[in-house]
Amino acid sequence: MERTGERDTEKKQKQQRIGKMILFAIFVLGLMVYLLLPSLRDFRNSIYGSIVLIALIGAAILYVTLSKKIAMHLLGKITLWAYLVVLIVQAAINLGKIEAIFSFVYAVGNVVVATIMYKTKKKGYKEVYPFGLFAYLTTAAISIRTHFPNDDWWLTLIIPAIPVGVVVAVLCLLFQIKKYKNGGKRENLISIPLCGLLIGFIFTYMTLASMNVYLDTSAPTYEEFVITDKDVHSGAKRAPRYNLEVQRGDVTFTINVSDEAYFDYEVGDTITLSIYGGAFNEPYYIYEDRG
(Lines give C-alpha, C1' and ligand atoms only; values in the text may rest on other atoms or scores of the structure.)
Protein backbone atom coordinates (compact mmCIF):
# COMPACT_ATOMS: atom_id res chain seq x y z
CA MET A 1 0.00 0.00 0.00
CA GLU A 2 2.88 2.34 0.86
CA ARG A 3 4.58 1.60 -2.47
CA THR A 4 1.37 2.43 -4.32
CA GLY A 5 1.20 5.72 -2.46
CA GLU A 6 4.84 6.48 -3.25
CA ARG A 7 4.29 5.71 -6.94
CA ASP A 8 1.26 8.00 -7.00
CA THR A 9 3.27 10.77 -5.34
CA GLU A 10 6.17 10.34 -7.79
CA LYS A 11 3.73 10.34 -10.73
CA LYS A 12 2.10 13.52 -9.44
CA GLN A 13 5.49 15.20 -8.96
CA LYS A 14 6.54 14.15 -12.48
CA GLN A 15 3.34 15.59 -13.95
CA GLN A 16 3.93 18.84 -12.06
CA ARG A 17 7.49 19.07 -13.40
CA ILE A 18 6.29 18.41 -16.96
CA GLY A 19 3.57 21.02 -16.52
CA LYS A 20 6.07 23.60 -15.30
CA MET A 21 8.39 22.81 -18.24
CA ILE A 22 5.53 23.28 -20.70
CA LEU A 23 4.52 26.58 -19.09
CA PHE A 24 8.15 27.76 -19.13
CA ALA A 25 8.49 26.80 -22.81
CA ILE A 26 5.29 28.71 -23.64
CA PHE A 27 6.58 31.72 -21.67
CA VAL A 28 9.96 31.69 -23.48
CA LEU A 29 8.25 31.32 -26.87
CA GLY A 30 5.86 34.17 -26.11
CA LEU A 31 8.72 36.35 -24.89
CA MET A 32 10.74 35.71 -28.06
CA VAL A 33 7.74 36.59 -30.23
CA TYR A 34 7.18 39.75 -28.20
CA LEU A 35 10.84 40.80 -28.47
CA LEU A 36 11.35 39.93 -32.14
CA LEU A 37 8.05 40.68 -33.88
CA PRO A 38 8.55 43.93 -35.85
CA SER A 39 4.86 44.82 -35.65
CA LEU A 40 5.16 45.05 -31.84
CA ARG A 41 8.17 47.40 -31.97
CA ASP A 42 6.24 50.60 -31.31
CA PHE A 43 4.37 48.98 -28.43
CA ARG A 44 7.59 47.65 -26.86
CA ASN A 45 9.10 51.13 -26.93
CA SER A 46 5.98 52.87 -25.64
CA ILE A 47 4.85 53.60 -22.10
CA TYR A 48 2.39 50.75 -22.48
CA GLY A 49 5.24 48.34 -23.14
CA SER A 50 6.93 49.54 -19.95
CA ILE A 51 3.67 49.03 -18.06
CA VAL A 52 3.41 45.45 -19.33
CA LEU A 53 7.00 44.70 -18.24
CA ILE A 54 6.44 46.25 -14.80
CA ALA A 55 3.15 44.37 -14.43
CA LEU A 56 4.81 41.03 -15.22
CA ILE A 57 7.67 41.62 -12.79
CA GLY A 58 5.21 42.98 -10.20
CA ALA A 59 3.09 39.82 -10.52
CA ALA A 60 6.17 37.64 -9.98
CA ILE A 61 7.18 39.68 -6.92
CA LEU A 62 3.63 39.52 -5.58
CA TYR A 63 3.64 35.75 -5.87
CA VAL A 64 7.00 35.06 -4.20
CA THR A 65 6.43 37.57 -1.38
CA LEU A 66 2.90 36.40 -0.50
CA SER A 67 3.35 32.66 -1.07
CA LYS A 68 2.90 30.71 2.16
CA LYS A 69 4.97 27.90 0.70
CA ILE A 70 7.99 30.20 0.30
CA ALA A 71 7.33 32.08 3.56
CA MET A 72 9.83 34.80 2.70
CA HIS A 73 11.37 36.89 5.46
CA LEU A 74 10.38 40.55 5.70
CA LEU A 75 13.90 41.63 4.67
CA GLY A 76 13.54 39.72 1.39
CA LYS A 77 10.08 41.17 0.74
CA ILE A 78 11.35 44.72 1.20
CA THR A 79 14.26 44.01 -1.15
CA LEU A 80 12.00 42.72 -3.93
CA TRP A 81 9.41 45.49 -3.65
CA ALA A 82 12.26 48.00 -3.69
CA TYR A 83 13.21 46.66 -7.11
CA LEU A 84 9.70 47.29 -8.42
CA VAL A 85 9.97 50.88 -7.16
CA VAL A 86 13.30 51.26 -9.00
CA LEU A 87 11.68 50.01 -12.23
CA ILE A 88 8.73 52.38 -11.90
CA VAL A 89 11.02 55.38 -11.29
CA GLN A 90 13.18 54.44 -14.29
CA ALA A 91 10.09 54.11 -16.49
CA ALA A 92 8.64 57.44 -15.32
CA ILE A 93 11.85 59.49 -15.41
CA ASN A 94 14.63 59.28 -18.00
CA LEU A 95 17.74 59.31 -15.80
CA GLY A 96 20.17 58.37 -18.56
CA LYS A 97 23.33 56.61 -17.37
CA ILE A 98 22.33 57.12 -13.73
CA GLU A 99 19.76 54.35 -14.19
CA ALA A 100 22.59 51.87 -14.64
CA ILE A 101 24.20 53.03 -11.39
CA PHE A 102 20.92 52.53 -9.49
CA SER A 103 20.50 49.06 -11.00
CA PHE A 104 24.06 48.08 -10.10
CA VAL A 105 23.71 49.31 -6.51
CA TYR A 106 20.43 47.41 -6.21
CA ALA A 107 22.03 44.23 -7.60
CA VAL A 108 24.83 44.40 -5.01
CA GLY A 109 22.32 45.06 -2.21
CA ASN A 110 20.17 42.19 -3.44
CA VAL A 111 23.08 39.74 -3.24
CA VAL A 112 23.95 40.96 0.27
CA VAL A 113 20.36 40.49 1.47
CA ALA A 114 20.03 37.06 -0.16
CA THR A 115 23.33 35.96 1.44
CA ILE A 116 22.17 37.16 4.87
CA MET A 117 18.90 35.26 4.42
CA TYR A 118 20.82 32.13 3.40
CA LYS A 119 23.05 32.34 6.47
CA THR A 120 20.30 33.14 8.98
CA LYS A 121 16.84 32.21 7.70
CA LYS A 122 17.62 29.38 5.25
CA LYS A 123 14.42 30.23 3.41
CA GLY A 124 13.33 32.47 0.56
CA TYR A 125 16.82 33.50 -0.55
CA LYS A 126 16.56 31.50 -3.80
CA GLU A 127 13.64 33.68 -4.87
CA VAL A 128 15.57 36.90 -4.13
CA TYR A 129 18.69 36.20 -6.22
CA PRO A 130 17.02 36.18 -9.69
CA PHE A 131 15.79 39.77 -9.33
CA GLY A 132 19.28 40.93 -8.41
CA LEU A 133 20.68 39.03 -11.39
CA PHE A 134 18.12 40.64 -13.69
CA ALA A 135 19.00 44.10 -12.36
CA TYR A 136 22.70 43.39 -12.89
CA LEU A 137 22.19 42.14 -16.43
CA THR A 138 20.23 45.26 -17.40
CA THR A 139 23.26 47.26 -16.24
CA ALA A 140 25.89 45.01 -17.79
CA ALA A 141 23.98 44.94 -21.08
CA ILE A 142 25.36 48.41 -21.80
CA SER A 143 28.74 46.83 -22.55
CA ILE A 144 27.17 44.76 -25.34
CA ARG A 145 26.14 47.95 -27.13
CA THR A 146 29.73 49.19 -27.47
CA HIS A 147 32.68 48.63 -29.77
CA PHE A 148 36.25 49.28 -28.63
CA PRO A 149 38.43 50.67 -31.45
CA ASN A 150 41.78 50.25 -29.69
CA ASP A 151 43.58 46.95 -30.31
CA ASP A 152 44.83 46.80 -26.72
CA TRP A 153 41.43 47.31 -25.07
CA TRP A 154 41.74 43.88 -23.47
CA LEU A 155 44.57 45.13 -21.25
CA THR A 156 42.07 47.40 -19.49
CA LEU A 157 39.06 45.10 -19.34
CA ILE A 158 40.21 41.48 -19.73
CA ILE A 159 43.46 41.29 -17.75
CA PRO A 160 41.91 42.50 -14.42
CA ALA A 161 39.14 39.90 -14.78
CA ILE A 162 41.59 36.97 -14.85
CA PRO A 163 42.87 37.16 -11.21
CA VAL A 164 39.30 37.66 -9.96
CA GLY A 165 38.22 34.48 -11.76
CA VAL A 166 41.20 32.61 -10.28
CA VAL A 167 40.39 33.79 -6.74
CA VAL A 168 36.75 32.69 -7.12
CA ALA A 169 37.91 29.30 -8.46
CA VAL A 170 40.26 28.79 -5.48
CA LEU A 171 37.51 29.67 -3.00
CA CYS A 172 35.13 27.25 -4.74
CA LEU A 173 37.81 24.53 -4.63
CA LEU A 174 38.40 25.00 -0.90
CA PHE A 175 34.65 24.86 -0.26
CA GLN A 176 34.26 21.71 -2.36
CA ILE A 177 37.21 20.01 -0.63
CA LYS A 178 35.46 20.59 2.69
CA LYS A 179 32.21 19.17 1.29
CA TYR A 180 34.02 16.18 -0.25
CA LYS A 181 35.47 15.24 3.13
CA ASN A 182 31.89 15.18 4.44
CA GLY A 183 30.63 12.91 1.67
CA GLY A 184 30.42 15.27 -1.29
CA LYS A 185 30.80 14.26 -4.95
CA ARG A 186 34.32 13.88 -6.38
CA GLU A 187 33.39 15.44 -9.75
CA ASN A 188 32.42 18.68 -8.01
CA LEU A 189 36.08 19.18 -7.11
CA ILE A 190 36.66 20.03 -10.78
CA SER A 191 33.33 21.22 -12.18
CA ILE A 192 32.45 23.76 -9.46
CA PRO A 193 35.85 25.56 -9.44
CA LEU A 194 35.76 25.71 -13.26
CA CYS A 195 32.30 27.28 -13.11
CA GLY A 196 33.58 29.70 -10.48
CA LEU A 197 36.52 30.64 -12.71
CA LEU A 198 34.24 31.29 -15.69
CA ILE A 199 31.58 33.18 -13.73
CA GLY A 200 34.11 35.30 -11.83
CA PHE A 201 35.86 36.22 -15.08
CA ILE A 202 32.71 37.05 -17.04
CA PHE A 203 31.07 39.08 -14.27
CA THR A 204 34.25 41.10 -13.68
CA TYR A 205 34.72 41.81 -17.37
CA MET A 206 31.06 42.82 -17.90
CA THR A 207 31.15 45.02 -14.80
CA LEU A 208 34.31 46.85 -15.90
CA ALA A 209 33.09 47.19 -19.50
CA SER A 210 29.71 48.60 -18.43
CA MET A 211 31.27 50.92 -15.82
CA ASN A 212 33.51 52.26 -18.56
CA VAL A 213 30.28 53.51 -20.13
CA TYR A 214 27.93 54.59 -17.35
CA LEU A 215 30.65 56.23 -15.23
CA ASP A 216 32.00 58.06 -18.27
CA THR A 217 31.70 61.85 -18.17
CA SER A 218 33.60 62.64 -21.38
CA ALA A 219 32.01 64.63 -24.20
CA PRO A 220 31.28 62.59 -27.35
CA THR A 221 32.39 63.17 -30.91
CA TYR A 222 30.39 61.85 -33.86
CA GLU A 223 31.41 59.86 -36.92
CA GLU A 224 29.35 58.71 -39.91
CA PHE A 225 29.46 55.12 -41.16
CA VAL A 226 27.80 53.24 -44.00
CA ILE A 227 25.79 50.14 -43.07
CA THR A 228 27.09 47.15 -45.06
CA ASP A 229 25.09 44.34 -43.41
CA LYS A 230 22.53 43.67 -40.65
CA ASP A 231 21.38 40.62 -38.73
CA VAL A 232 19.61 39.47 -35.57
CA HIS A 233 21.17 36.95 -33.18
CA SER A 234 18.65 35.20 -30.94
CA GLY A 235 18.18 32.00 -29.00
CA ALA A 236 15.95 30.31 -26.44
CA LYS A 237 18.24 31.25 -23.55
CA ARG A 238 19.26 34.77 -24.54
CA ALA A 239 17.68 38.03 -25.56
CA PRO A 240 17.87 38.96 -29.25
CA ARG A 241 20.79 41.12 -30.37
CA TYR A 242 20.31 43.53 -33.25
CA ASN A 243 23.60 44.05 -35.08
CA LEU A 244 24.66 46.41 -37.85
CA GLU A 245 27.92 45.99 -39.73
CA VAL A 246 29.30 49.46 -40.48
CA GLN A 247 32.20 50.77 -42.57
CA ARG A 248 34.13 54.03 -42.71
CA GLY A 249 37.13 53.98 -45.02
CA ASP A 250 39.25 50.97 -44.08
CA VAL A 251 37.48 50.55 -40.72
CA THR A 252 34.75 47.89 -40.50
CA PHE A 253 33.10 46.50 -37.37
CA THR A 254 29.77 45.33 -35.98
CA ILE A 255 27.80 47.47 -33.53
CA ASN A 256 24.83 46.36 -31.44
CA VAL A 257 21.82 48.70 -31.63
CA SER A 258 18.25 48.88 -30.34
CA ASP A 259 15.50 47.04 -32.17
CA GLU A 260 14.06 50.42 -33.17
CA ALA A 261 17.30 51.50 -34.86
CA TYR A 262 17.69 48.08 -36.47
CA PHE A 263 14.36 48.32 -38.29
CA ASP A 264 14.75 52.03 -39.09
CA TYR A 265 18.01 51.55 -41.03
CA GLU A 266 18.70 49.54 -44.17
CA VAL A 267 21.91 48.32 -45.83
CA GLY A 268 23.51 51.25 -47.65
CA ASP A 269 22.17 53.87 -45.23
CA THR A 270 24.47 56.23 -43.34
CA ILE A 271 24.41 56.01 -39.55
CA THR A 272 26.04 58.33 -37.00
CA LEU A 273 27.88 56.72 -34.08
CA SER A 274 29.12 58.44 -30.94
CA ILE A 275 32.65 57.86 -29.70
CA TYR A 276 33.49 58.52 -26.03
CA GLY A 277 36.74 58.54 -24.08
CA GLY A 278 35.56 56.02 -21.48
CA ALA A 279 35.62 56.19 -17.67
CA PHE A 280 38.76 54.00 -17.64
CA ASN A 281 40.28 55.86 -20.63
CA GLU A 282 39.13 53.08 -22.94
CA PRO A 283 37.40 54.71 -25.95
CA TYR A 284 34.24 53.11 -27.32
CA TYR A 285 31.72 53.56 -30.11
CA ILE A 286 28.01 53.41 -29.30
CA TYR A 287 24.83 54.19 -31.18
CA GLU A 288 22.66 56.86 -29.53
CA ASP A 289 19.24 57.87 -30.76
CA ARG A 290 19.38 61.62 -30.36
CA GLY A 291 15.82 61.96 -31.67
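Residues numbered from 1 in each chain as written. Predicted model: local features only at pLDDT ≥ 70, side-chain atom pairs only at ≥ 80, totals over all residues. Heavy atoms only, no water.

Trainee: Can you help me understand the environment of Leu84 in this one?
Mentor: Within the secondary structure, Leu84 is located in helix α4 (residues 74–92). In sequence terms Leu84 and Ile61 are 23 residues apart; their C-alpha atoms lie 8.2 Å from each other. Apart from residues lying up to four places away in sequence, Leu84 is in contact with Ile54, Gly58 and Ile61. (Helix = DSSP H or I, 4+ residues; strand = E, 2+ residues; numbered from the N terminus. Contact = heavy atoms within 4.5 Å.)

Trainee: Mind showing me how you'd approach the pattern of salt bridges here?
Mentor: For side chains bearing opposite charge, pairing can occur when the charged atoms are close. Tallied over the full model, the rule gives two salt bridges. Glu223 serves as the salt-bridge partner of Arg248, at 3.6 Å between the closest nitrogen and oxygen. Of the two residues, Arg248 is situated in strand β3 (residues 238–248) and Glu223 in strand β2 (residues 221–235); the sequence distance between them amounts to 25 residues. Put simply, Glu266 and Lys230 hold a salt bridge, and the shortest N to O gap is 3.9 Å. Placement of the pair is Glu266 in the loop between α10 (259–264) and β5 (270–276) and Lys230 in strand β2, with a sequence separation of 36 residues. Note on Lys230: relative accessible area 17%, which makes it buried. (Salt bridge = Lys/Arg side-chain N within 4 Å of Asp/Glu carboxyl O. Buried < 20%, exposed > 50% of the residue type's maximum accessible area, 1.4 Å probe, protein only.)

Trainee: What is the right way to read helix α5 (residues 98–120) from this model?
Mentor: Think of an α-helix as turning once every 3.6 residues; residues three or four places apart then point the same way. The end-to-end C-alpha separation of α5 is 33 Å, in line with the 33 Å expected for 23 residues at 1.5 Å each. If you check which residues of α5 are buried, you get Glu99, Ala100, Ser103, Tyr106, Ala107, Asn110, Val113, Ala114 and Met117. Packed against the buried residues of α5 are α4, α6 (125–140) and α9 (188–214). Looking one or two residues past α5, Lys122 carries a phi angle of roughly 60 degrees, positive in sign. (Expected span 1.5 Å × (residues − 1).)

Trainee: Is there a simple way to think about the side chain of Thr146 in this case?
Mentor: You can see Thr146 is positioned in strand β1 (residues 146–147). In this structure the side chain of Thr146 is engaged in a polar contact, spanning 2.7 Å, whose partner is the backbone oxygen of Ser143. With residues up to four places along the chain from it excluded, the contact list for Thr146 reads Val213, Ile255, Tyr284, Tyr285 and Ile286. (Polar contact = N/O pair within 3.5 Å; in protein donor to acceptor, adjacent residues only side chain to side chain.)

Trainee: How do you make sense of unusual backbone geometry when you look at a structure like this?
Mentor: Outside of glycine, negative phi angles account for most residues, and trans bonds account for most peptide bonds. One non-glycine residue with positive phi stands out, namely Ala71, at about 50 degrees. By the element assignment, Ala71 lies in the loop between α3 (47–66) and α4. Since its relative accessible area comes to 39%, Ala71 is described here as partly exposed. Residue Asn281 is not a glycine yet carries a positive backbone phi of 60 degrees. Note on placement: Asn281 falls in the loop between β5 and β6 (284–286). Take Asn281: its relative accessible area is 67%, and that puts it in the exposed class.

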